[in-house]
Structures are given as structure tokens and as C-alpha cells.
Amino acid sequence: MNDTSLPIEAESAIRTIHLDLPVNTTFHIWLKAKKEDEAGAVAFSNANGKFAEVSSSNTDEYSFRIYQIFGGGHVELNYDTALTAVSVIYWFTASDVLETGITVVHTKPDNAAPDISGSYHFRPPFGWMNDPNGFGRFEGRPHLFYQHYSHGLHWNTMHWGHAVSSDYLRWRHLPIFLFPSEELAAKPDKRGGAFSGTTIPLAEGPGIRVFFTEQELGREPEQQIQLTATSHDLIMAGQADVILATRPANEGLTPDFRDPYVFRGPDGIWKMLLGSQSDQGGVILLYETQDPTAASDWTYVGKLLIDTRYKTTAIECPCLLPLDGPVTGRATRWVLIYGLMHSEDAQTGRKNLTMADVGWFDGKTFIKSFGQELDFGTDNYAFQAFLDGDIAVGIGWLANWCDASPEIDFPTAMTLPRRLHLAGDALLTPPIGAAESLRSHILDRTRLAAGERVTFLSGAIELLFEISEAGSHFDLELEHPTLRLGVVCDDTGLWIRHEDKNGAPSPHYLARDARPSRFRIFLDFGSIEVFADRGRWVGTKRIDGFAPVSSALLHAPAGSVQHATVWALKP
């Protein structure tokens, strides 16, 4: 593939993209006109000349166009850059896209994915990404959907991006799965679209059913409503239908009414959780339906949870699943995970906390046994989990709204996928077992433990070490060009040092009173993830930019480090 520009005149240039294509190739193209009085257009041609064209007269927003080439072979795409703006072009063959993915042939510079060779965290092929959606295994493969905007690295009108994997770590990018309504997509105020949700297998045959929130600011009586759509090919969702057009009446709820999470309850009935806020505090709402397809007849059951901590303005992205027994078991404990939007821990300055409560769920009520923070680093937000067979697996957005805003470019990633399981009265969330397959070769087995500096040739690193006495103090110094970065255990607990070298204030990313002894730390370009005592305490922190950590030095009392290993990782 070649992308060349041939100057025509001072104000105009023809851009040509050369492609050799298989038969039955489908193109997805986003374009818009640059001039009010002349349409923008992308022309398809071969050795015989121009044979097709897609166009748009819209100058406000990019228009989505689909074009299929049945014959394949050598094809050229041409457009006049003086008349036409093109944001994204990719192609795929529908018959094998789940095995081969899409091929991106064009993105504009301000929506291109960062060029990070060797990074192992999931990132979109272009554009903005936030919450994971519809995370699950469907027709034999793990699928990840996510909040997505194609035409910039900032939040905007929401779509669902999509990827598929065989191991939760190595992903193939698929076509954009779910689009906002045409009315919302054309709005220049850019404050709506297909918000977060979940996905279940179709009851009536192959395919999936998705549930999501549609937002339109200023819409009356509801800015946020719940919709469902189906996909039989796992490639694109079909027409969406409204299933919940209004919030529950007389419950004192704010307009926040979002993020449907659909699952089977212990009574075999489909349940739905939604996040909101009431005059009592943040709330999780519970719905259910007797419809075996989950397509209709959703009825309000009540408030499953009310949370008054940390001055949250709404609960987001709730999920609920069993952990230590069968779904139908009366003694089975369930975990309820939810984000506290705009919350703040006054003692540490950490914001947008995510909580995990463990207890019993009978289909109507949740009785809490104990609770803990899901992640003391807070950059494991909008976490979504599901049962993959009898193993609970989850993933989160490796960021949160403390740093992001709709006005700034903010390239982000997803966290490492994690298992969820109980160990007595503690929730453990270690990385999935497949994470060991990222290991390339050992960099060190002696120097880190001996208090010597270990230098890295890449920013993709895993460090493992164990100390002789739980809670023994140490200071792991990680060399970074712009931050004082590290992991520390002291009298206050376990914490991530994340301090600007210029002295700008930073929250204290602390697991208070944690006394671990075993540590597994993942470094990547733009992130650190700390797993202590097999995931009993987990801290995830996004690092601004993509400069790598270049070395590590472990300060600890003599003889207290039993062993330490440093691995180089590769995707």
C-alpha cells in the first residue's frame, strides 16, 4: 500500500492510496466536504479508470460511508484534499474478519494511534477510547467492546469500538460495531451517542444482544435512555430499540440513568443494573424481565445499593457476578463492583474511586459481607467483569475522569485483564494466567535483590520479588524522565510514588495499612500496575506520555529480599 500526494495547484492536491485487495472487500470511510458549495468525494479506480465514488456534502461532521468491491485486485482511492477531508479508511472481508481483523489504510494525524513498538496493553487502532463495554466470550472467542470516537483523541459523540482475541491479551481490531443514531451523529454539539453497556448471547440463535445507554443532552424528559440491539454476525449491530424510556418515578433520581449491566440472576431471570444518583446518595437500580430473550418487558425492582461515601455525584458502570459457587447456590457469594463518579478521598486526594462489595444476592436484594477498593491507584475505572465458564474475568479503562476531559487529546489503554476470586474475606484480582505468555527473556535474577540498579532496554517490563517479612519496608525506585516514580511499603501501607519532578502536587496512591510480602509489577509505555500478594492489593496508574521507565533500584534492609526476577515483555 502506498499513499502519495500529487500537487495539482497551489490550493489543491490529489491524494492517492494504492491497494491490492482480496475479493468481496468492504470499505468503511468517514469523509466530509471542505466547501459549502461542493461535495467531498473519494473515488475508486483501477487500470480501467474510475468505477465508483462515495461523497458527502456535510461540512460539520464526518459522514460514514460503506462501499464493497466484489472483484478485488489492484485498486486506487483518490480524493482532492482541497475539497475533501478524510478521517478514517479501513477495509475488511466479512467472511473472515473475525480471524483477520480490519486493515487501516488512512487516519488523519490527530486521530492516529500512538506509535509504541512493544507495548502490550490494548489500545484502539485510531481515535479516542474509554469504558470497556460488552466484555465477554461469544461463539468461542473473547470479545471486547469499548467507548469510542473515531475522529480525534478526545471524547466526543460515542460509538462502540470492537476487538476479538483468543487469550485476552493479543487483540484483532474489528469494524466499528455500534453507531449513534444519525440524528446524534450529525449534531455539532458533540454531547451524545451510544454510551456504555453490556452484551449477552442471543437466546434464539447465533449472535449477541447488546444493551446500552443513549445520551442526548437537552432531550426531554430524559437525557439518558436504555436501548437494545442485536448482531447475528458479531460484526455490526442492527437497529436499536428503546427498552427503558424513563427513570423510575418518585425515587428522587438525578438525570443520571446509565450503563446497563445485564446478567442471569440466581432465580434464572435476566437482571439489569443501572447507575444513578438520588437525594440519598449514589444508587444502583435493579430491573428484571421474564422475557427469555431479555428484549422487552423490563420492570423496576428497586434500589439495590445506596452509597453516601466520598461525595460521589453518580454511580457508574455497576456489575454483579458470583465468585465462589454456582449462580443458583444460596451460599454463593457475589461481588458488586461500581465506580463513584467525581468521588474524592479527602485523606489521599485520590478521585473517582472504584468499590467492590462482596455479599449474597437472591435476585432481589444484595446483603453485603465486606467491601474493599478495587484498585488503590484509581486508574482501573469503569471495570467490567463476566463469568468465562467458572472463572470471573474483568478489565478496566486505564485512566479516569480526574485527568481526562472532553477538551484535551488523551490517548489511553485498557488494563491488563484480571481474574477475580475470593480468599476468605478478601477479593483478589491478579492478572489472568495468560499474562505469563508476555515474558520474552529474563533480564536479571540477582542485581535487583542485591540493591543494584537494573537497566531496561525496553519500557515493557515485569518485576517480581518477595520479602521475608510481610509489611517489611522497601522503596522501589523507577527511573522516569519526568516523574519521581516508584512503589513503596512503609508504616502507612503500600503506595505508588507518582510525583512531578517540577513539584506539582499529586494524590497519594495508597493502600492504607497493607502489609504484603509478594509483588508483581508490570511496566509499560504509559502505565504501571502493581499486584501484591497475588492480587489482594492492586494499584494501577496511568503515566502521562509514553516515555519508558529506564531502570529500577530496590532499596530494602539487607537480607530482606528473598528473591527478585526482572522479565522483558513483548506482545
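Preceding this paragraph is the structure being described.
Read on for an overview of the structure. On a predicted model such as this, the values are computed, not experimentally measured, just so you know.

Another aspect to go through is the nonpolar core. Membership of the largest hydrophobic core comes to 34 residues, with the highest contact counts inside it found for Phe-465, Phe-474, Leu-476 and Leu-494. Not counting residues within four places of it along the chain, the set of residues in contact with Phe-465 comprises Phe-474, Leu-476, Ser-517, Arg-518, Phe-519, Ile-521, Leu-554, Val-561, His-563 and Ala-564. Of all hydrophobic cores here, the second largest spans 32 residues; its members include Ile-337, Leu-340, Leu-353 and Met-355.

Quick look at the environment of His-148 now. Residue position: His-148 is located in strand β11 (residues 141–149). Considering only alpha carbons, one finds His-148 and Ala-564, 416 residues apart in sequence, at a separation of 39 Å. His-148 has contacts with Pro-124, Phe-126, Gly-127, Trp-128, Thr-157, Met-158, His-159, Trp-160, Gly-161 and Ile-176, leaving out every residue within four places of it along the chain. In terms of polar contacts, His-148 uses its side chain to reach the side chain of Ser-150, at 3.2 Å.

Here the focus is a negative patch on the surface. On the surface, a cluster of negative charge is made up of Glu-36, Asp-37, Glu-38 and Asp-60. In this fold, Asp-37 is placed in the loop between β3 (25–33) and β4 (40–46). Of the residues examined, Asp-37 reaches a relative accessible area of 71% and is grouped as exposed.

Right, let's talk about the packing of aromatic side chains for a bit. For the structure shown, the criterion picks out 33 aromatic pairs. Both rings, one in Phe-122 and one in Trp-171, keep their centres 5.9 Å apart while their planes meet at 75 degrees; by these two values the pair is edge-to-face. Here Trp-171 lies in strand β13 (residues 171–173) and Phe-122 lies in the loop between β9 (103–107) and β10 (128–138), a separation of 49 residues in the sequence. Relative to Trp-397, the ring of Trp-128 lies with its centre 6.0 Å away and its plane at 65 degrees, an arrangement referred to as edge-to-face. In this pair, Trp-128 is assigned in strand β10 and Trp-397 in strand β27 (residues 391–397), connecting sequence segments 269 residues apart. We classify Trp-128 as buried; its relative accessible area is 0%. In textbook terms, an aromatic cluster arises when at least three aromatic residues are bridged by ring pairs, as seen for Trp-30, Phe-64, Tyr-90, Phe-92, Phe-126 and Phe-179.

How each quantity is defined
Residue positions are counted from 1 within each chain, in the order its sequence is given. Local features in a predicted model are, by the rule used here, given only for residues with pLDDT of at least 70; side-chain atom pairs are given and counted only at 80 or more, and totals for whole chains, interfaces and linings are based on all residues. Side-chain calculation: all heavy atoms of the structure are included, whereas hydrogens and water are not. Think of a nonpolar core as a cluster: buried Ala, Val, Leu, Ile, Met, Phe, Trp, Tyr and Cys residues, connected wherever their side-chain atoms sit within 4.5 Å. Throughout, exposure labels follow a simple rule: accessible area from a 1.4 Å probe, protein chains only, divided by the maximum for the residue type, with under 20% read as buried, over 50% as exposed, and the rest as partly exposed. Throughout, a contact is declared for two residues whenever any of their heavy atoms are within 4.5 Å. Under the DSSP-based scheme used, a helix requires at least four consecutive residues in state H or I and a strand at least two consecutive residues in state E, with every element numbered from the N terminus. Residues adjacent in sequence count toward polar contacts only when both atoms are side-chain atoms; beyond that, a polar contact is any pair of N or O atoms within 3.5 Å, and within protein one must be able to donate a hydrogen and the other to accept it. Without a salt bridge and with relative accessible area above 30%, a residue can belong to a patch; like charges are then joined within 9 Å and nonpolar side chains (Val, Leu, Ile, Met, Phe, Trp, Tyr) within 5 Å. Exposure was quantified through the Shrake-Rupley algorithm and a 1.4 Å probe, taking into account, for residues, occlusion by the shown protein chains and nothing else. A pairing counts as a salt bridge when a side-chain nitrogen of Lys or Arg comes within 4 Å of a carboxyl oxygen of Asp or Glu. Note on charges: Lys and Arg go in the positive column, Asp and Glu in the negative column, and His and the chain ends are not counted at all. The atoms used to mark charge sites are NZ of Lys, CZ of Arg, CG of Asp and CD of Glu. We call Phe, Tyr and Trp rings a pair once their centres come within 6.5 Å, taking the six-membered ring for Trp, and we label the pair stacked below 30 degrees between planes, edge-to-face above 60, and tilted otherwise.

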